[in-house]
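# Notes for the structure review
Each chain, letter by letter, is given below.
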Amino acid sequence: MATRIAINGAAGRMGQRLVALGSQDKSLDIVACFEHAGHAKFGQDAGVVAGIGELGVPLQEETDAQYSAIIDFSVPAGAHAAVERAVNAKAALVMATTGLEEEHQAKIREAANVIPVVWAPSMSTTVNLTMKLCEIAAEALKDIPGGADVEVLERHHRFKEDSPSGTALRFGELIAAKMGITEFVHGREGRPGARPHNEIAYHAIRTGDNPGEHTIIFGLLGETIEMTVRASNRDCYATGALQAAKFAAGKPAGLYNMNDVLGL
Ligand SMILES: NC(=O)c1ccc[n+]([C@@H]2O[C@H](COP(=O)([O-])OP(=O)(O)OC[C@H]3O[C@@H](n4cnc5c(N)ncnc54)[C@H](O)[C@@H]3O)[C@@H](O)[C@H]2O)c1
Ligand SMILES: O=C(O)C1=N[C@H](C(=O)O)CCC1
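Overview of the structure. (Residues numbered from 1 in each chain as written. Chains lettered and ligands numbered in written order. Predicted model: local features only at pLDDT ≥ 70, side-chain atom pairs only at ≥ 80, totals over all residues. Heavy atoms only, no water.)

## Topic: the site of ligand 1
Around ligand 1, a shell composed of 23 residues is seen, among which Arg13, Glu35, Thr98, Pro121 and Met123 lie nearest. Taking Gly12, its main chain carries an N or O atom lying 3.2 Å from an oxygen atom of ligand 1. Between ligand 1 and the protein, one listed contact pairs an oxygen atom with a side-chain N or O atom of Glu35 at 2.5 Å. Alone, ligand 1 offers 870 Å² of accessible surface; in the complex the protein occludes 84% of this. (Near = heavy atom within 4 Å. Polar contact = N/O pair within 3.5 Å; in protein donor to acceptor, adjacent residues only side chain to side chain. Areas by Shrake-Rupley, 256 points an atom, 1.4 Å probe, with all protein chains shown as cover.)

Structure (structure tokens):
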């Protein structure tokens, strides 16, 4: 039987790709498409808004439809609403929104006591694989003579509201945990002095319509290793999130990540 899903932020850049790809997947049934009532296309058919023709599901704030998973790609207030919707519906939650404040993050952790939650800053297979590769590099380089300097560069479209990306922050956290790094900086200016090793620096670039690109640099004295992972469109995130919804629907309550979904 098809997994019945709801999409939160359904008229957004990601929401539209979820509607388009989810509607093609025979193992899924999109039964609700939530949007902010102030959105210019609120009330219109979600399929028409996504450019795939009539889906029979309007952009709405409330539904009587039963669903077993809700996928959220929205904004912090929308993510908060998605947590409440998931808990009230006893449905699984796939949380993809980034740039959440600590209070929103605490709500997600609390929800995971009662429903299954997949929470990841990137639903992309190659990004999550690159995180694994960076952990291997960090472990191997943590005690290298002369030290290894870690910098995380990310590029995204001009419309992105949070910075640095949630993915960049996760790369930093994972590497820091392996290397015992405790300091984080965002760009540099003026005369900060020689670079300490106990630091990871983030650099956020915003241009055009870039759907997402991360480069992680491990700079040694005499040699450098860089890992780059790059999306050419948003479908890698949407397919990962749809896979996560299928994975999580009906699972025991708890906090899961994309490694669980992808078996990495
Ligand atoms: N985890 C991942 O793989 C991944 C990938 C891409 C984007 N993202 C994140 O997803 C989020 C959305 O990205 P986007 O590019 O689609 O943004 P977007 O601005 O195009 O879409 C967000 C949508 O949420 C809607 N919204 C606002 N308030 C809402 C509410 N209360 N309830 C329901 N919907 C509401 C907006 O009207 C908009 O349509 C961002 O935080 C982004 O960083 C995560
Ligand atoms: O387009 C965005 O916004 C993206 N946000 C995520 C992040 O902040 O890590 C993932 C990539 C796309």
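Right, picking up where we left off after that structure.
## With respect to the sheet that holds strand E9 (residues 199–206)
Taking strand neighbours across the sheet as the criterion, the five strands line up as E8-E9-E7-E10-E11 in an open arrangement whose pairing is mixed. Edge positions in the sheet fall to strand E8 (183–186) and strand E11 (224–230), since each has one partner strand and no second. Neighbour to neighbour, the strand axes of the sheet diverge by 15° on average, direction disregarded. As judged from the seven bridges shared by strand E10 (residues 213–219) and E11, these two strands associate in the antiparallel manner. Residue Phe218 lies in a different strand from E11, and its bridge partner there is Ile225. Set on the sheet, helix H5 (residues 125–141) makes contact with E10 and E11; between it and E11 the angle comes to about 165°. (Pairing = 2+ DSSP bridges. Helix = DSSP H or I, 4+ residues; strand = E, 2+ residues; numbered from the N terminus. Axes fitted to C-alpha atoms, helices over the stretch in contact; angles between N-to-C directions. Contact = heavy atoms within 4.5 Å.)

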